[in-house]
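Listed here are the chains, written in short residue letters.
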Amino acid sequence: MAITTFPDAKWLHATAAAAFLAASVPHAALNAQGLENSDTVDRIVGSEVRQEETNTAVEAGKVTAAIDRTRENIGTVRKTSKLDKVDIVFLTDAARTEGGPPPAIETKVREHQDDIAELRKEIEANALLFNAIDSRRVTTEDVLAVEFDDPGRIVIYAAAKPSN
């Protein structure tokens with residue numbers, strides 16, 4: 001019994017192989033960059049990304065003030081496409097593993113929960129900010145507030161511990 005091949009079958013297989021190869025190359029390139037390297041993160045984000053560890057007692061006033069300004073900061077996050085510096089402040093004692101934020105900050109979070117949820121969605125939709133926090137293994141659910149305290153600079157307050 002002879003097997004009949006169709007000229008279109010070869011073309012179909014070649015096209016499928018090319019499509020598979022094309023789809024896998026960008027993914028492989030992203031994996032090869034390694035987001036652990038700060039130079040790579042700076043190139044991807046286009047901004048210097050720094051992190052600081054502290055506790056809520058030290059930053060409580062700044063965090064609650066930033067939470068109070070969440071509604072106005074949502075629009076700024078939405079419009080942000082370039083920054084000189086992204087500072088991520090890890091509020092280590094407010095991490096979920098530590099029981100979450102202290103009562104004063106938790107009360108503010110509850111008071112502004114809808115605005116904070118919207119802020120988190122805007123951060124997810126903003127490639128610069130999402131990649132900045134993702135490079136430090138911060139999820140948007142960990143973000144309590146943001147503050148634009150200088151032109152070209154954002155401070156992101158996260159209830160999390162650094163992954164390193």
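Reading guide: rules and limits
Residues numbered from 1 in each chain as written. Predicted model: local features only at pLDDT ≥ 70, side-chain atom pairs only at ≥ 80, totals over all residues. Heavy atoms only, no water. Pairing = 2+ DSSP bridges. Helix = DSSP H or I, 4+ residues; strand = E, 2+ residues; numbered from the N terminus. Polar contact = N/O pair within 3.5 Å; in protein donor to acceptor, adjacent residues only side chain to side chain. Buried < 20%, exposed > 50% of the residue type's maximum accessible area, 1.4 Å probe, protein only. Arc of directions from axis to C-beta.

Draft legend 1. Molecular detail of the pairing of strand 3 (residues 143–150). In terms of strand pairing, strand 3 meets strand 4 (residues 153–158) through 5 bridges, oriented antiparallel. The partner of glutamate 147 across the bridge, within strand 4, is valine 155.

Draft legend 2. Layout of the side chain of arginine 153. Locating arginine 153 in the fold gives a position in strand 4. Separated by 2.6 Å, the side chains of arginine 153 and aspartate 149 make a polar contact.

Draft legend 3. Broad picture of the environment of leucine 128. Structurally, leucine 128 is set in helix 7 (residues 127–135). Each C-alpha atom, one on leucine 128 and one on lysine 82, is 7.5 Å from the other, the two residues being 46 residues apart in sequence.

Draft legend 4. Seen up close, the side chain of aspartate 87. Relative to the helices and strands, aspartate 87 resides in strand 2 (residues 85–91). Note on aspartate 87: relative accessible area 6%, which makes it buried. Within the structure, the side chain of aspartate 87 is placed 2.9 Å from the side chain of arginine 50, a separation counted as a polar contact. At a separation of 2.4 Å, a polar atom in the side chain of aspartate 87 contacts the side chain of arginine 153.

Draft legend 5. A look at helix 7. Every buried residue of helix 7 is accounted for by Leu128, Leu129, Ala132, Ile133 and Ser135. Down the axis of helix 7, the buried set is contained in an arc of 160°. They therefore lie on one face. At the N-terminal boundary of helix 7, the capping side chain belongs to asparagine 126, with an oxygen 3.1 Å from the backbone nitrogen of leucine 128. Of the residues one or two after helix 7, arginine 137 is the one with positive phi, at around 60°.

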